[in-house]
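# Coordinates in review
For reference, the chains in residue letters:
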There are 2 protein chains.
Amino acid sequence: MLKVKALAIDTLRENVLVLSRECTALRPQRLTGSRKVEVRAGGLVLFANIVIADDDDLVGPDEAGLTMPLFRRLGVAPGSDVDIAPARPPASLDAVRGKIHGATLSQGQLNAIVGDVVSHAYSDMEVAAFLIACASFMTPEETLAMTQSMIASGSRLSWNRALVVDKHCIGGIPGNRTSLIVAPIVAAHGLLFPKTSSRAITSPAGTADTMEVLARVDLNEDEMRSVVDRCGGCIVWGGKVDLSPADDVLISVERPLGVDTPEQMVASILSKKAAAGSTHLLIDLPVGPSAKVRDTAQALRLRKLFEFVGGRLGLTLEIAITDGGQPIGRGVGPVLEARDVRAVLENSADAPDDLKEKSILLAARILEFDPGLAGGRGAARARELLESGAAAKKMDQIIEAQGPAPCAPELGSLTYEVAARTSGWIEGVDCARIGRVARLAGASTDIGAGIRYGSASRSIGFMASTQPTSASRARRPTRIRDFG
Amino acid sequence: MLKVKALAIDTLRENVLVLSRECTALRPQRLTGSRKVEVRAGGLVLFANIVIADDDDLVGPDEAGLTMPLFRRLGVAPGSDVDIAPARPPASLDAVRGKIHGATLSQGQLNAIVGDVVSHAYSDMEVAAFLIACASFMTPEETLAMTQSMIASGSRLSWNRALVVDKHCIGGIPGNRTSLIVAPIVAAHGLLFPKTSSRAITSPAGTADTMEVLARVDLNEDEMRSVVDRCGGCIVWGGKVDLSPADDVLISVERPLGVDTPEQMVASILSKKAAAGSTHLLIDLPVGPSAKVRDTAQALRLRKLFEFVGGRLGLTLEIAITDGGQPIGRGVGPVLEARDVRAVLENSADAPDDLKEKSILLAARILEFDPGLAGGRGAARARELLESGAAAKKMDQIIEAQGPAPCAPELGSLTYEVAARTSGWIEGVDCARIGRVARLAGASTDIGAGIRYGSASRSIGFMASTQPTSASRARRPTRIRDFG
């Protein structure tokens, strides 16, 4: 038994426990092979990695130094008792080793692995081992079983409606903030659209980050239900609703590794959406040379896998293969993207056309899930709801219901202007680099940071050949601005 | 520029940098995707993971808190200047991603990966991703290239002799401390045997741990050379000689994952031995139901791979496939094993026969590398050198040259006796569990901890069938002791 000491050290996602080298509970230097211990207090067992302190002022021999994430997750008072023991390797690692050696995993094995991942029994390297073993091959049946394990790992929302719609983009296209326009259009039509979204991890803004410029997004399940009851839709951050928590752990390892296989993408997206209680789902799958999906053949394979797993889960899926050749809208970064969204919803003269037209296209396909709408009427209905101001009114209602934004939507004050050196046509835009520049400028942590394209052109143009094929695909930018 | 502050926190193998949340050099919370930074001081660049401090007494905004391994590796004075910048992901990760997707890696790609691994540019999860991608398949040519990259990653010793012998056991058999008997036999014969060995990682004792009961083992390269010049052999810890440092990093991730593929085993062992300057190498490959290699077919495949890679490296290899069905000797743990070694070298009446006979068998095969020794004479020569006391005399000379052991070889004073409940034959011994029990008792960190088999029998017997097949394979133990 050791006494809890809270340490003002933030180890981010990782549970870290600081023990004295002279610790009375166990000799920390004995744990040479693995640094993992079990921390028990108040009926809760958490896994943590230890580091050793040689300074009694930091952590004494009878103290357990809990870094911030561990202290928060354990929820105990400083000075209270905590039990520490070497952690046994999780039994499910045997199945991971089997997978490494070429086995196909059963539903039971995947349940065990996902359960241990969620309880932080796996170290980052063990999660990586599992993901990479799955990356070498995973059958469609395994992908389905994995998705089901992930759904079962957290809460599952139920809306008691036959038609609950949602949309999701696989990501990678800066400024592609269509959800904030599609959701109010669809909700204004009367379909239930309870949207949970994510914050940026490696992109310059997530849907939740951009929505947070306009409204509060960290709603819990009860608050979310109350907004959906009142408005028929919402756009909240999924982090407080505990949907497919396994996905959050897996993504936190996949992202830094830069590994994003079709199987993991399908399991990740469909587990979140099924857990959120969707029945009908539109997936936006942008294809382009610097997008996540590089060519149509790859897009079609991915689509088949989405359809297989989604179908077995009982979801009705639409897959929209869209143009991912260039960024969308005029700004990249939460505040700049929120401005683009506002301009489209308010039908401003300077609203970015590409964002507007793509949003109408996607909203149309969701609206056509409505059996009451005549086939082929989706696009006209979406345009009508947007241009009449009905969507803007619905958005205002949702914003009011979710509550005020936590901070003022101010743009960064430090700017740097990059002008093209000569006139000409832009032949290509690297979406990944645009995203990286915006991140280096501070997005999404600094909501006012990002990139804004020059106002004399409507967007950075992109075309596949050296000659413009149509006026809409080749525009000349005058300036690119960078708010740092 | 930040000021170095040394923190009395031992993060074991990992470089960890503690920065204030208000750090003047960079906003640590911006590094959400990766926690990795470059730390520059005095011409050296090291990679480290950051954690965030919210306590100015621990680390102030203008300070860089260096935990012990980082402080030691950087070699700077407290208060001196250090430069911190976000680390870019190592370029070689692209090749790792290629491997994940099924590519075969070139020598150049493997050189880049191994170089980045050695400079700690890879996180544990990135190392795991590389290892698991390689575990799914690796061609013999890739294994060779990997071995060559690993050799090039550190120092390479050269002895200016046509015949430099060495031996290595792939491990897994408790008490299998033959090197400490084989080395003095072979050196007494006159062959050069500059043995570098490892400390225990997941076993209850490594050769270096057991030798350290008898002599100093942490010799640097110059000291090692001087011992070899005087004695014709040595038994030192390899940790100060910088041989295949990539191997140390890879092993530190392989071991907790419990992943040990033939390819990684071959690259690990042969890179260490080639870097140590061996020309002729004997590999002890124990086969048994609880050993690393479970059956003869597996042993033969492993042997082929050793022969392919070793041959291309210009090494002369002998592979001894030995009985790995039971522990060897009478004790497990550094002090207990050192007693067994002493008893064999001194031809004591209570010397464990199995350890003696196996050592003679292995020494014989090494002696036959000597072109001056008539074929088939190895075993008799080895027995002669051992039983005449020549080997013991050589061992004393080596011990004297290496210097005195750092601490007294005392056995643990807390003992627990486990007696068999009935008389009978022991049908099987699980080597992995014996190792685990000895580790739980405290071996190898507590050198006096471990397991001793009862003195009324010569060892724990093992046999494959329920009836004894020979007197030597079925002995009745009276007691198993456990020193904690």
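Residues numbered from 1 in each chain as written. Chains lettered and ligands numbered in written order. Predicted model: local features only at pLDDT ≥ 70, side-chain atom pairs only at ≥ 80, totals over all residues.

### Here's the deal with the overall build of chain A
The helix and strand inventory of chain A stands at 16 helices and 16 strands. Taking 23 Å as the expected radius of gyration for a compact globule of 484 residues, we find that chain A reaches 24 Å, a close match to that expectation. By the burial criterion, 53% of the 484 residues in chain A qualify as buried. In chain A, of all internal contacts separated by at least 6 residues, the share reaching a separation of at least 24 is 78%. (Helix = DSSP H or I, 4+ residues; strand = E, 2+ residues; numbered from the N terminus. Rg over C-alpha atoms; globule rule 2.2 N^0.38 Å. Buried ≥ 20, exposed ≤ 12 C-beta atoms within 10 Å, placed from the backbone. Contact = placed C-beta atoms within 7 Å.)

### Some details on the nonpolar core
If you look at the biggest cluster of nonpolar residues, it comprises 241 residues, and the most contacted ones within it are Ala129(A) and Ala129(B). Dropping the residues within four chain positions of it, Ala129(A) is found in contact with Val96(A), Ile100(A), Ala128(B), Ile132(B), Leu257(B) and Val259(B). Counting residues in hydrophobic clusters, the runner-up holds 56 residues, among them Leu17(A), Leu46(A), Ala87(A) and Leu70(B). (Core = buried A, V, L, I, M, F, W, Y, C linked by C-beta atoms within 7 Å.)

### Focus on the pairing of strand S7 (residues 81-86) of chain B
With two bridges joining them, strand S1 (residues 2-6) of chain B and S7(B) adopt antiparallel strand pairing. The partner of Leu2(B) across the bridge, within S7(B), is Val82(B). (Pairing = 2+ DSSP bridges.)

### Quick notes on the relation of the copies chain B and chain A
Each copy superposes on the other: chain B lies on chain A with an RMSD of 0.1 Å after a rotation of 180° and an axial shift of 0.1 Å. As the rotation angle and translation indicate, the two copies are arranged about a two-fold axis. Taking the C-alpha atom as reference, chain B places Met125(B) closest to the rotation axis, 2.1 Å from it. An overlap of 100% is found between the interface residues of chain B and their copies at the interface of chain A, pointing to a shared contact surface. (Least-squares fit on C-alpha atoms with pLDDT ≥ 70 in both.)

### Observations concerning the interface of chain B and chain A
Contact residues are listed per partner, giving 39 residues for chain B and 39 residues for chain A. Every element with two or more residues in the side of chain B that touches chain A is listed here: strand S2 (9-10), strand S5 (44-53), helix H2 (93-100), helix H4 (124-136) and helix H9 (245-257) of chain B. When residues in the side of chain B that touches chain A are grouped by element, the largest group, nine residues, is from H4(B). For the side of chain B that touches chain A, a count of residues per class yields 21 nonpolar, nine polar and nine charged. Bridge analysis of strand S5 (residues 44-53) of chain A against S2(B) gives two bridges, and the strand direction is antiparallel. Within S2(B), the residue paired with Ile52(A) across the bridge is Asp10(B). (Nonpolar A, V, L, I, M, F, W, Y, C, P; charged D, E, K, R; others polar.)

### Some thoughts on helix H5 (residues 140-152) of chain A
Residue and element names in this part refer to chain A. Its 13 residues place the ends of H5 18 Å apart at the C-alpha level, agreeing with the 18 Å of an ideal helix rising 1.5 Å per residue. Buried within H5 we find Glu142, Thr143, Leu144, Ala145, Met146, Thr147, Gln148, Ser149, Met150 and Ile151. Buried-residue contacts for H5 involve helix H3 (107-118), helix H9 (245-257), helix H10 (262-275) and helix H11 (296-312). (Expected span 1.5 Å × (residues − 1).)

### Topic: the sheet that holds strand S12 (residues 316-323) of chain B
Residue and element names in this part refer to chain B. The strand order across the open sheet built from three strands is S8-S11-S12, with neighbouring strands paired in parallel fashion. Each having just a single partner strand, strand S8 (165-169) and S12 make up the two edges of the open sheet. Neighbour-to-neighbour, the strand axes of the sheet open up by a mean angle of 20°, direction not taken into account. Looking at chain direction, strand S11 (residues 280-287) and S12 are connected through eight bridges and run parallel. The residue of S12 that forms the bridge with Leu281 is Leu317. (Axes fitted to C-alpha atoms, helices over the stretch in contact; angles between N-to-C directions.)

### Some points on the confidence of the model for chain A
A residue-level look at chain A finds 92% of positions with pLDDT of 70 or above and a mean pLDDT of 88. Scored by ipTM, the complex comes to 0.78, with pTM at 0.82. (pLDDT = per-residue confidence, 0-100.)

### Topic: the pairing of strand S6 (residues 63-66) of chain B
All names here are of chain B. On S6, burial covers both faces: Glu63 and Gly65 on one face and Ala64 and Leu66 on the other are all buried. Note: S1 against S6, four bridges, orientation parallel. Across the sheet, the residue bridging to Lys3 is Glu63, located in S6. Pairing between strand S3 (residues 16-20) and S6: three bridges, direction antiparallel. For Leu17, the partnering residue across the bridge sits in S6 and is Leu66.

### A closer look at the sheet that holds strand S8 (residues 165-169) of chain A
Residues and elements named next belong to chain A. The three strands are arranged S8-S11-S12 in an open sheet whose pairing can be described as parallel. In the strand order of this sheet, the two ends are held by S8 and strand S12 (316-323), each with one partner. For this sheet, the mean angle separating the axes of adjacent strands, direction not counted, is 20°. By the bridge criterion, five bridges tie S8 to strand S11 (residues 280-287) in an arrangement that is parallel. In the sheet register, His168 faces S11, and the bridge partner there is Ile283. Sitting on the sheet, H11 touches S11 and S12, and the angle it makes with S11 is about 165°.

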